[in-house]
Amino acid sequence: MKPARIAFWALFTLCGLWLQNIVPGVDFLAPGLILAMQEEKWTVPLWLGVLWLFLQEGTGSLPFGATLLWYGALAGLYFFGHCLFEARNFLFVFILGVSLGAMHFLLLGVMVLLQDQTVPVERLLTESALQALIFPVEWGVVYLIHHYLPDSAHAA
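Here's what I pulled together on the structure shown here. (Residues numbered from 1 in each chain as written. Predicted model: local features only at pLDDT ≥ 70, side-chain atom pairs only at ≥ 80, totals over all residues. Heavy atoms only, no water.)

Quick word on the nonpolar core
In a soluble, globular protein the nonpolar side chains are often hidden away together inside.
Next up, step 1: By size, the foremost hydrophobic cluster in this structure holds 31 residues, and its most contacted members are Trp 9, Ile 34, Trp 52 and Tyr 71.
Next up, step 2: Of all the secondary-structure elements, those providing two or more residues to this core are helix H1 (3-22), helix H2 (30-38), helix H3 (43-59), helix H4 (66-84), helix H5 (90-114) and helix H6 (121-147). (Core = buried A, V, L, I, M, F, W, Y, C linked by side-chain atoms within 4.5 Å. Buried < 20%, exposed > 50% of the residue type's maximum accessible area, 1.4 Å probe, protein only. Helix = DSSP H or I, 4+ residues; strand = E, 2+ residues; numbered from the N terminus.)

Structure below.
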């Protein structure tokens, strides 16, 4: 991988983690995983997914496995939808965002019940709506930045 790509993903990871501290309950790394999978270089999303999995699991308060389910379901949704839609289509990414918002509500609801904790439903709905809205917007911005890196074949 070229140094510009490594720097891009390192900066993306730092910004994503920082934004997750500002807006709790929203995964800002998920659009990057989709972007890495769209590039169809399977080593990059694999390494990023493992790194982000350990970062998310280590900093979260849920039992081990919630992030694994989250990223596994995201990859599953991507591969299923990839068969039906063009992978770089904004409508497809919007549908992924809505699906992630619904999945956030269901997954967090189940994980909280398993730990005998409570989370206000209003907060869970707000986080889910934010996830659904932020995901496609962030993907679009990151997609444009990623494709106009100096060493990109797409750069002008």
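Comments concerning the packing of H1 against H6
Next up, step 1: With their axes 12 Å apart at the nearest point, H1 and H6 run at an angle of 155° to one another. In this view, H1 runs roughly antiparallel relative to H6, as classed from their interaxial angle. Crossing of H1 over H6 shows right-handed handedness. The segment H1 lies against H6, with Arg 5, Phe 8, Trp 9 and Phe 12 engaging Glu 138, Val 142, Ile 145 and His 146.
Next up, step 2: Partitioning the contact of H1 with H6 into residue classes produces five nonpolar, one polar and two charged. (Axes fitted to C-alpha atoms, helices over the stretch in contact; angles between N-to-C directions. Parallel < 35°, antiparallel > 145°, perpendicular 65-115°, else oblique. Left-handed = near helix turned anticlockwise from the far one by under 90°. Contact = heavy atoms within 4.5 Å. Nonpolar A, V, L, I, M, F, W, Y, C, P; charged D, E, K, R; others polar.)

Overview of H4
Because the α-helix completes a turn every 3.6 residues, residues three or four places apart line up on one side.
Next up, step 1: The end-to-end C-alpha distance of H4, which contains 19 residues, comes to 27 Å, matching closely the 27 Å that a straight helix rising 1.5 Å per residue would cover.
Next up, step 2: When we look at burial in H4, the residues that qualify are Ala 66, Thr 67, Trp 70, Tyr 71, Leu 74, Ala 75, Tyr 78 and Gly 81. (Expected span 1.5 Å × (residues − 1).)

Section: the pattern of salt bridges
Next up, step 1: Counted under the stated rule, the structure contains one salt bridge.
Next up, step 2: Between Arg 123 and Glu 127 there is a salt bridge, and its shortest N-O distance comes to 2.9 Å. Pair noted here: Arg 123 and Glu 127 are both in helix H6, with a separation of four residues, about one helical turn.
Next up, step 3: Under the relative-accessibility criterion, Arg 123 is labelled partly exposed at 46%.
Next up, step 4: Owing to a relative accessible area of 7%, Glu 127 belongs among the buried residues under this scheme. (Salt bridge = Lys/Arg side-chain N within 4 Å of Asp/Glu carboxyl O.)

Here we look at the packing of aromatic side chains
Next up, step 1: Here the structure, examined in full by the defined rule, presents ten aromatic pairs.
Next up, step 2: Following the ring pairs from residue to residue traces out a cluster consisting of Trp 42, Tyr 78, Phe 79, Phe 85 and Phe 92. (Phe/Tyr/Trp six-rings, centres within 6.5 Å; stacked < 30°, edge-to-face > 60°.)

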